[in-house]
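Okay, here's what each chain looks like letter by letter:
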Amino acid sequence: MLRALGSTISRGLQRWVPEPFVIAILLTLLSAAFAIIFTESSTTEVLEYWYSGFWLLLEFGMQMVLILVTGFAIALSPAVTRLIGKLALFARGPTAVYVTVVVIGGLLSLVSWSWIVLVAVLARELARRVEGLDYSYLVALVYLSILPWVGGLSSSIALLLNTDDNFLISAGILADKIGIAATLGAQLNWLYLAAYFIGMPLFLLALRPHPSQSRSMADMADSSQLEQMTIAEEAAKQRGDGNTPSDRMNDSVSLQLLIAIPILIYVLLHFYRNGFDLNLNIMIFLFIGVGMVVHHTPLRFTIAMKRACSNISGVIFQYPFYAGIMGIMMFSGLGIQLADAIAGNASMATLPFLAQVVGALANFAIPSAGGEWAVIGPPLTNAAISLSEGLSPNEQNAFIARIAMAAAYGETSTNLMQPFFLLLVMPIMGAGVRIQARDVMGYLVLPFLFTFFTTAMLVTFLPL
C-alpha cells in the first residue's frame, strides 16, 4: 500500500513541483505579501528588508560551495573510489543500498549536517555499481538522511542555548545557559534518533518503488555530460613533454605536500585546542588538505576541483534569494508575529507541539536553524517561562529545552518539503544524469509526514 501511494504521489508531484528557483521566487513573493499585510511595514520598507537580507548568507553560501566542491573532489580520487568499491561488496542489492545510505547518512549527519555531501558521494558510487536501484528514490534517501543532524553534535539551537552570554541571556529572557544534557542528552532526543534509525529504514523499505517501475542511474544518464577520461588521463593529456619547469611543478607531489601538510597540522591543532569543534570552516580546510593528499599533484587536484565545480550554479545564485526571504521575516517582525500568534494562547500541554509547528512554518522562509531561532526563540522561550512558573528550576529548564528542541525538530522536518538543502545534493547526484528536483520531491512527502507526526507524539506526550 505504501509503495503504491508513494509512487502515486511521486508521479503527481512531477506535474506540479517546479524548479527550485521558482519555489524561491514564490516564497519571496509570499513572505513579502504577508509582511505588508500583517505587519506595519510599507511596500518600500519590505523591499529594503529584502535587499538588506539578500547579502546575509554570502559567507554561508560560499561555505556551501566550498564544502560541495572540496568534498566532491575527494570523491573523484582513486583512493576513495577503491574504498567505496569495497563497501559495494557488502551492499550488493537495492535494499542493502537503501538501508546503507539511510543509516550511514544519518550517522554522518550526527557529526555535521554538511556531511550530506559525503553521503551523496557514497550513494552515487553505489548506484554505479549496483543494478536495480531507483535513482530518484536514492537521491531522496540521501536528502532525508540529514534529519538526525538536529539531535547531533552540530545542532544549532542546542549549541546556542549552551553558549555563554547567548542572545537570550543578553536580552534578559534566560538567566543562564541551558546545557546539552537537557537538550541533546534528554530522553526526548534519544527517542527522536531511535525513531529515525529504527523506524525510518523500515518505513522507507515499505515505500520503495517496485523494481518494474525503477529507473536506474544508467537509464537516466546524460551522454553529453559523461566524463570519458580519468583525472590521471586528463592530467597526462595536458602535460607537455614532461621535462619543462612548468610540467615538473604541475606534477610535483612535494610541492603539493608543502601546503597539504600544514593544513592538516592546523586542523589537528584546532581540535587539540578546542575539542571536537567541527565548524564549516574547519570542515572545508580539512577537505582541502585531504583532497590535495589523495590527488597527489597540483594538476590533478586542479582538474578534480574543476570537475567538482561543474554543477553548482543553484547554490551560487539561489541562496541569496533565500537570504532575502530571511531578511523580510527578520526585519519586518513577521517571524516574531508568527510565533506570537501560534504560541500566544498555548498551555503547557500544547506549547511543545505548537513550537514544532512554528519551527516547521518558519523554516520555509528562514532555512537556517540558527537564524530561525534568533527570530522565533524569544517569543517561544518567553511563553515557556511564563507557563512553567510553578515548576522547580530543573523542571522549568527541562520544559524550555523541550520547546527549543520541538522547534528544532519542526525546522528540520520541513527541509524535506523545500529544496534549500537539496541544492547541496543535486550537484553531486545530478552530475552526468538527467534528473530534476521534481523527480525527487514526491518521494519525500510520506517520510515528512512520518517524521512530523512521530515527533509530534514525542514532544507532546513524553513526560518531562
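Residues numbered from 1 in each chain as written. Predicted model: local features only at pLDDT ≥ 70, side-chain atom pairs only at ≥ 80, totals over all residues. Heavy atoms only, no water.

Topic: empty space enclosed by the protein
Right, on to step 1. Throughout the structure, instances matching the rule amount to 1 cavity of 30 Å³ or more.
Right, on to step 2. Put simply, the largest cavity is a space of about 80 Å³.
Right, on to step 3. What lines the largest cavity is simply L147, Y192, A195, Y196, M200, F450, T451, T454, T455 and L458.
Right, on to step 4. Elements that contribute at least two residues to the lining of the largest cavity include exactly helix 11 (187-207) and helix 24 (445-461).
Right, on to step 5. No other element matches helix 24, which puts 5 residues into the lining of the largest cavity. (1 Å grid on protein atoms, 1.4 Å probe; cavity = no way out; pocket = protein on both sides within 12 Å on 5 of 7 lines; lining within 4 Å. Points joined across faces, edges and corners; volume = space filled by probe spheres on them. Helix = DSSP H or I, 4+ residues; strand = E, 2+ residues; numbered from the N terminus.)

Points about a nonpolar patch on the surface
Right, on to step 1. A contiguous nonpolar surface patch, about 430 Å² in accessible area, is contributed by V253, L257, I261, I265, L269 and V293.
Right, on to step 2. Relative to the helices and strands, L269 is located in helix 14 (residues 253-274). (Patch = residues over 30% accessible without salt bridge, like charges linked within 9 Å, V, L, I, M, F, W, Y side chains within 5 Å. Areas by Shrake-Rupley, 256 points an atom, 1.4 Å probe, with all protein chains shown as cover. Salt bridge = Lys/Arg side-chain N within 4 Å of Asp/Glu carboxyl O.)

Observations concerning the confidence of the model for the protein chain
Right, on to step 1. Per-residue pLDDT for the protein chain averages 88, and the proportion of residues at 70 or more is 96%.
Right, on to step 2. Here helix 1 (residues 2-16) stands out as the least confident element of the protein chain, with mean pLDDT 70; helix 24 is the most confident, with 96. (pLDDT = per-residue confidence, 0-100.)

Things to note about the nonpolar core
Right, on to step 1. Formed by 157 residues in total, the largest nonpolar core has its most connected members in Y135 and L138.
Right, on to step 2. If we skip the residues at most four places from it in the chain, L138 touches V97, Y98, V101, A123, A127, L133 and M429. (Core = buried A, V, L, I, M, F, W, Y, C linked by side-chain atoms within 4.5 Å. Buried < 20%, exposed > 50% of the residue type's maximum accessible area, 1.4 Å probe, protein only. Contact = heavy atoms within 4.5 Å.)

Digging into the packing of helix 4 (residues 58-75) against helix 15 (residues 280-295)
Right, on to step 1. Interaxial distance between helix 4 and helix 15 falls to 9 Å at its minimum, and their mutual angle equals 25°. Taken together, helix 4 and helix 15 sit at an angle that is classed as roughly parallel. The two elements helix 4 and helix 15 meet at a crossing, and its hand is left-handed. Residue-level contacts link F60, Q63, M64, L66, I67, T70, G71, A73 and I74 of helix 4 to L280, N281, M283, I284, F287, I288, V290, G291 and H295 of helix 15.
Right, on to step 2. Of the residues assigned to the contact of helix 4 with helix 15, the class counts are 12 nonpolar, 6 polar and no charged. (Axes fitted to C-alpha atoms, helices over the stretch in contact; angles between N-to-C directions. Parallel < 35°, antiparallel > 145°, perpendicular 65-115°, else oblique. Left-handed = near helix turned anticlockwise from the far one by under 90°. Nonpolar A, V, L, I, M, F, W, Y, C, P; charged D, E, K, R; others polar.)

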